[in-house]
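What the coordinates show
So you can see what is in the structure, the chains are spelled out below.
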Amino acid sequence: MDLRVIIEQMETGEQDKALAVLQSFNKEMSQCFTFNREEGQERKHLGELVLSFLSRELQPSCLLACLETVRILTRDKQCLDPFISRSAMLTLAHYSGIAHLAAPPQGPLEESKVGVVEKDGKEEAADSSAMVKESSPPSENPDQEVIIEALKSICNILFHSQTAQVIAADLHFIDGVAERLKQCNHPTWNPEVRFFDLRLTFLLTALRVDVRAQLAQELHGIKLLGNQLEATLCLCWPEPLVTARAGYEGFPPEELPPLSRQQAELAMEILKILFNITFNTNRRKVDEEEAVEYRHLGALLRHCLMSRADGEERTEEFHSHTVNLLGNLPLPCLDVLLLPKVENGSIEYMGVNMDAVNMLLEFMEKKLDRGHKLKEALLPSLNLLTESSRIHRETRKFLRSKVLPPLRDVKNRPEVGSALRNKLVRLMTHIDTDVKDCAAEFLFVLCKESVSRFIKYTGYGNAAGLLAARGLLRGGRDSGIYSEDEDSETEEYREAKPHINLITGVVEEEQPNPMEGMTDEQKEYEAMKLVNMFDRLSRINLIQPMQLNSDGKMTEMTTEDLNKLATNPLLQSQEPSDPDSEDET
């Protein structure tokens, strides 16, 4: 439909004419997400006209048509000018029912039609910093279609406009949304309103650091959203910090029905918001009160991890958000993953329920096997497993039994094969530094940060990167504190041990000695040739010879160092300590 015709009809100011052209426009453009730039000015003018209508008292059908048009127009980030003013944002906030702490827009607005659940905005504006302590009951018959359309429009605007983000923060949109989120158990609000309340909260916390902090601290966001998650998943608490699906208490996870699509979508929005407001929490100390909240949240996340959604793809997405959030929890609070009692069908290790840890391991291996976007897909779960192993002995020993079982294969290189150990060792030479370091760190922690054991399972060549970075190339153990365990050396490894090449980590056929039959003078001559080649290449900056210092770190070699090495070809650094001189498990 020609925009000029629509504008002409809108300019008459008559609701019936406006309704007819807007309904036609909305139907035609319902699936349009790209716009003709030549009509940009007309779309801006249409936006201004629609906003002028919204400042009036409208028939319900005309009001809904106007808001649908705003939703469509705000998809175009080039034509947002009419919608990013303070008055326009305030108008949409009132229609969405979240303008609790801001002055109302010009013109009459019927609270019953737009679902405004607080007192008159003028009264609230006097103290915009006051936090609403108790949730107010919603209007008995709020027009939820109107609320949803207004929320969708606000989300579009915030996504495209930094100016609008500033205004939304200034008008305390988060206070209004949080007020309605407190009513998660109230039957008045349908799931779509809840979803777009959550989507708006996600955008505000993702785009504004100040809003993120406000929700987390002033509005007690972790408790608020934890309650949302609990209500969405219909959970109960048969024991402290142990959850169950209401009506399915005592059922093993595999026998629970999958979450509905609606439940999964709402839960994922909640998890994303919680990720935003807990970001960097694991890097700081939390007080006792915060720790209680985080352990409560951890118990909810354990349930999420053990739950299925409708379909494999949605389940994997749901678990991805769960794992991302688990990585934000303070490390001591991760013990809630191990709290449930061992039941029939549970995976038990050292008397502890390892269902959640095993699920994390399977999830990580699935991401690893897929090989797509390893940094984004694999690292959250791999980091979580690493830190859990570092702080919880039972978790480390269980994972070690799965990832680094007693070594029997001494004929194939550590990176060759389809076992999980082989896959992770291959990652230790990955082109992406973060992926490489994370895989090495995980295996190093499973080896209790023992250099000798790390070399045994990965080979010195694969291990060299991590060892060089930590100054451990001469062997020893890093600063981690681990328990003493029993030796688990296999008969196969014990027999092959004298013949294993520590660099490759496997038994290799003996190679002929290239210096066999040479006199000492010939050996010295060949050594000097090699030194001269190194010296020449280093002078033109093609290579930089390095040597291992007594502190286990690499330093540059000078010409003098090379000459010293040439005069004594047998001179070499200390060998790494016996790879099996320490306990095993």
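These remarks concern the structure in this document. Bear in mind that the values here come from a model prediction, so they are computed numbers and not experimental data. (Residues numbered from 1 in each chain as written. Predicted model: local features only at pLDDT ≥ 70, side-chain atom pairs only at ≥ 80, totals over all residues. Heavy atoms only, no water.)

Details of the environment of arginine 245
Basically, it comes down to this: In this description a helix means any DSSP run of H or I spanning at least four residues, a strand means any run of E spanning at least two, and both kinds are numbered starting from the N terminus. When a residue's accessible area, from a 1.4 Å probe over protein chains only, is under 20% of the maximum for its type it is buried; when over 50% it is exposed; and in between it is partly exposed. By definition, residues are in contact when any of their heavy atoms lie within 4.5 Å. The term polar contact refers here to a pair of N or O atoms within 3.5 Å; inside protein, the definition further demands a hydrogen-donor-capable atom paired with an acceptor-capable atom, and it admits residues adjacent in sequence only when both atoms are side-chain atoms.
If you trace the backbone, arginine 245 turns up in strand β2 (residues 242–245). A relative accessible area of 6% places arginine 245 in the buried class. Residues arginine 245 and histidine 303 lie 58 residues apart in sequence; the distance between their C-alpha atoms is 8.8 Å. Filtering out sequence-adjacent residues up to four positions away, arginine 245 remains in contact with Leu233, Cys234, Leu235, Cys236, Leu256, Pro257, Leu259, His303 and Ser307. A distance of 3.2 Å separates a polar atom in the side chain of arginine 245 from the backbone oxygen of proline 257.

Side note on the packing of aromatic side chains
As a reminder, the rule being used: Between 30 and 60 degrees the pair is tilted, below 30 it is stacked and above 60 it is edge-to-face, where a pair is any two Phe, Tyr or Trp rings, Trp via its six-membered ring, whose centres lie within 6.5 Å. Cation placement over rings: the criterion is NZ of Lys or CZ of Arg within 6 Å of the ring centroid and within 35° of the ring normal.
Summed over the entire model, instances satisfying the criterion amount to five aromatic pairs. Note that arginine 75 overlies the ring of phenylalanine 33, its terminal NZ or CZ placed 4.2 Å from the centroid. Taking NZ or CZ as reference, arginine 180 lies 5.1 Å from the ring centre of tryptophan 189, over its face.

Remarks on the packing of helix α13 (residues 221–232) against helix α15 (residues 288–305)
Here is the rule: Axis geometry follows a simple rule: fit a line to the C-alpha atoms, using only the stretch in contact for helices, then measure angles between N-to-C directions, giving values from 0 to 180 degrees. Any angle that falls under 35 degrees is termed roughly parallel, while one over 145 is termed roughly antiparallel, one within 65 to 115 roughly perpendicular, and all others oblique. Handedness of each helix crossing follows the sense of rotation of the near helix against the far helix: counterclockwise by less than a right angle gives left-handed, clockwise gives right-handed. Polar here means any residue other than Ala, Val, Leu, Ile, Met, Phe, Trp, Tyr, Cys and Pro, which are nonpolar, and Asp, Glu, Lys and Arg, which are charged; Gly is therefore polar.
Relative orientation of the contacting elements α13 and α15 amounts to 25°, with a least axis distance of 10 Å. In this view, α13 runs roughly parallel relative to α15, as classed from their interaxial angle. Where α13 crosses over α15, the two elements pack in a sense that is left-handed. Facing Ile222, Lys223, Gly226, Leu229 and Glu230 of α13, the residues of α15 in contact are Glu293, Tyr294, His296, Leu297, Leu300 and Cys304. Taken together, the residues of the contact of α13 with α15 break down into six nonpolar, two polar and three charged.

A closer look at a nonpolar patch on the surface
Spelled out, the test is: What makes a patch is a set of residues exposed beyond 30% relative accessible area and free of salt bridges, joined within 9 Å when like-charged and within 5 Å when nonpolar (Val, Leu, Ile, Met, Phe, Trp, Tyr). In these tables, accessible area is a Shrake-Rupley quantity obtained with a 1.4 Å probe, and a residue counts as shielded only by the protein chains included in the view. Salt bridges, as used here, are contacts in which a Lys or Arg side-chain nitrogen is within 4 Å of a carboxyl oxygen on Asp or Glu.
On the surface, Leu530, Met533, Phe534, Leu537, Ile540, Leu542 and Ile543 cluster together to form a nonpolar patch covering roughly 610 Å² of accessible area. Of note, methionine 533 is situated in helix α25 (residues 520–539).

Brief notes about the layout of surface pockets
The test is simple: The rule is simple: put a 1 Å grid over the protein atoms alone, call a set of points where a 1.4 Å probe fits but cannot get out a cavity, call an open set with protein on both sides within 12 Å along at least five of seven lines a pocket, and count a residue as lining if it has an atom within 4 Å of a point. Grid points are joined across faces, edges and corners, and a volume is the space filled by probe spheres set on the points.
Volume-wise, the largest pocket comes out at about 820 Å³. Of all the elements in the fold, those that place two or more residues in the lining of the largest pocket are β1 (235–239), β2, α15, α16 (312–326) and α17 (355–370). Its residues assigned to classes, the lining of the largest pocket shows 15 nonpolar, 11 polar and 10 charged.

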